[in-house]
Amino acid sequence: MANAPKQLFSIPDELWEKIQPLLPEEPPKPKGGRPRMDDRQAMTAIFYVLRTGIQWKALPRQMGAASMVHDRFQYWQEQGVFKRMWEAGLQAYDEAKGIEWTWQAVDGAMTKAPLGGKKTGPNPTDRGKRGTKRSLWTDGRGMPLGVVVDGANRHDMKLLGPTLSEPAAPRPEPDAKNPQHLCLDKGYDYPIIREQVAELGYVLHLRSRGEEKEEKAAIPGYRARRWVVERTHSWMNRFRRLLIRWEKKVENYEAMLHFACAWICFRCAEVFG
């Protein structure tokens, strides 16, 4: 049973072939120092933390020294490795199945952030306790295209622009033959949002949960277009490190989000089973 954690959370060979070229070369050590941990072992240990939500110091020793794994995570975060992994995952998905640009959706989700830090704030749904919000943008099948983080008290409508401004894959220009629809809930129903969306060339769809419920009852097999972004939030919550934000540094939390997005994209591209 000693190798169980490593086997259960190992990086599949097919996925490692995609990740390895994205890693930076080993930095020089003019003064020597301790031997460098194997890249794949380090990535496996980081994924274990992401998937289980375990504290860094509680990492099983057979997966590597916690301090070495955390140091490697910090280095790769600073080098933008996890964002590149997400971009590569989206590219693999686009090549395998094609990004569904016709219908897109954006929605926010709040999580606890008991240690505080940058981009946290009082959560209005959790008695004002510290929390953080992630604003997620997906394609028509739920592939994550963009994600931003802010305080839990930050209104969704304030995050729409930043969320749509940095896609992890180039967004094609919509035209009459290839329109792009953006699905939002009523929390985004403000004139400035309508102006922003129109400037970006979208056809806007604003629906409340009540309206969607009525149509679901009236139309057999009806499914709201916006459900895909809610499903992707659910997928992300399966990575237990994202359920509660324990990272004070927002850059570290964002790196964990990017790793989860990469995993989702590669898996949906059927790079691994």
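You'll find the structure just up there.
Residues numbered from 1 in each chain as written. Predicted model: local features only at pLDDT ≥ 70, side-chain atom pairs only at ≥ 80, totals over all residues. Heavy atoms only, no water.

Here's the deal with the overall build of the protein
And then number 1: Broken down by element type, the protein carries ten helices and six strands.
And then number 2: Scaling as 2.2 N^0.38, a compact globule of 273 residues should have a C-alpha radius of gyration of about 19 Å, and the protein matches this with 20 Å.
And then number 3: Seen through its C-alpha atoms, the protein measures out along the principal axes to roughly 65 × 45 × 40 Å.
And then number 4: Every one of the 273 residues in the protein was classed for burial, and the buried ones make up 47%.
And then number 5: For the protein, the proportion of contacts with a sequence separation of at least 24, taken over those separated by at least 6, is 68%.
And then number 6: As displayed, the protein has an accessible area near 14000 Å², and 50% of this comes from carbon and sulfur atoms.
And then number 7: The centroid of the 44 positive side-chain charges in the protein is displaced by 7 Å from the centroid of its 34 negative side-chain charges. (Helix = DSSP H or I, 4+ residues; strand = E, 2+ residues; numbered from the N terminus. Rg over C-alpha atoms; globule rule 2.2 N^0.38 Å. Buried < 20%, exposed > 50% of the residue type's maximum accessible area, 1.4 Å probe, protein only. Contact = heavy atoms within 4.5 Å. Areas by Shrake-Rupley, 256 points an atom, 1.4 Å probe, with all protein chains shown as cover. Lys, Arg positive; Asp, Glu negative; His and termini not counted. Charge placed at Lys NZ, Arg CZ, Asp CG, Glu CD.)

Things to note about unusual backbone geometry
Note: most peptide bonds trans; most residues except glycine with negative phi.
And then number 1: With a phi angle near 60°, Lys119 is a residue other than glycine that sits in the positive phi range.
And then number 2: For Lys119, the location among the structural elements is in the loop between strand 1 (103-112) and strand 2 (121-122).
And then number 3: You can call Lys119 partly exposed: its relative accessible area is 32%.
And then number 4: Phi angles above zero are rare outside glycine, and Arg127 is one such case at about 55°.
And then number 5: Relative to the elements of secondary structure, Arg127 occurs in the loop between strand 2 and strand 3 (130-138).

Focus: helix 5 (residues 81-96)
And then number 1: For helix 5, which comprises 16 residues, the first-to-last C-alpha distance of 22 Å matches the rise-based estimate of 22 Å (1.5 Å per residue) to within 8%.
And then number 2: Val81, Phe82, Met85, Trp86, Ala88, Gly89, Leu90, Ala92 and Tyr93 are the residues of helix 5 that are buried.
And then number 3: Elements in contact with the buried residues of helix 5: helix 2 (13-19), helix 3 (39-52), helix 4 (66-78), strand 4 (144-151) and helix 10 (250-268).
And then number 4: Gly98 sits one or two residues past helix 5 and shows a positive phi near 90°. (Expected span 1.5 Å × (residues − 1).)

A word on the packing of helix 3 against helix 10
And then number 1: One can describe the packing of helix 3 onto helix 10 by two numbers: an axis separation of 11 Å at closest approach and a directional angle of 100°. On the basis of the axis angle, helix 3 is roughly perpendicular to helix 10. Together, Met43, Ile46, Phe47, Val49 and Leu50 of helix 3 and Met256, Phe259, Ala260 and Trp263 of helix 10 make up the contact between the two elements. (Axes fitted to C-alpha atoms, helices over the stretch in contact; angles between N-to-C directions. Parallel < 35°, antiparallel > 145°, perpendicular 65-115°, else oblique.)

Digging into the side chain of Ser135
And then number 1: Here Ser135 is to be found in strand 3.
And then number 2: Polar side-chain contacts of Ser135 include one of 2.7 Å to the side chain of Thr163.
And then number 3: The contacts of Ser135, once residues within four sequence positions are left out, are Val106, Asp107, Gly108, Gly146, Val147, Val148, Leu159 and Thr163. (Polar contact = N/O pair within 3.5 Å; in protein donor to acceptor, adjacent residues only side chain to side chain.)

Side note on the pairing of strand 6 (residues 202-207)
And then number 1: In this structure, strand 5 (residues 180-185) lies alongside strand 6, joined through six bridges in parallel fashion. Following the sheet pairing, Leu184 is matched in strand 6 by Leu206.
And then number 2: Once the chain exits strand 5 it traverses helix 7 (residues 191-199) before rejoining the sheet at strand 6, and the crossover so formed is right-handed. (Pairing = 2+ DSSP bridges. Right-handed = clockwise from strand over helix to strand, strands pointing away.)

Observations regarding the pattern of salt bridges
And then number 1: Within the structure shown, the criterion is met by twelve salt bridges.
And then number 2: Between Arg226 and Glu230 there is a salt bridge, with its nearest N and O atoms 2.9 Å apart.
And then number 3: On the basis of relative accessibility, which here comes to 2%, the residue Arg226 falls in the buried class.
And then number 4: One continuous salt-bridge network, built from bridges that share partners, spans Arg36, Asp39 and Arg72. (Salt bridge = Lys/Arg side-chain N within 4 Å of Asp/Glu carboxyl O.)

What about the environment of Pro60?
And then number 1: Its location among the elements puts Pro60 in the loop between helix 3 and helix 4.
And then number 2: Among the residues examined, Pro60 registers a relative accessible area of 15% and is labelled buried.
And then number 3: The spatial distance from the C-alpha of Pro60 to the C-alpha of Ala45 is 8.8 Å, given a sequence separation of 15 residues.

A closer look at the nonpolar core
And then number 1: With 77 residues, the main nonpolar core has Met43, Ile46, Phe82, Met85, Leu90 and Leu242 as its most contacted residues.
And then number 2: Sorting elements by how many residues they give to this core places helix 10 first, with 13 residues.
And then number 3: Setting aside residues no more than four positions away along its own chain, Leu90 makes contact with Ile99, Met143, Pro144, Leu145, Ala168, Ala169 and Cys265. (Core = buried A, V, L, I, M, F, W, Y, C linked by side-chain atoms within 4.5 Å.)

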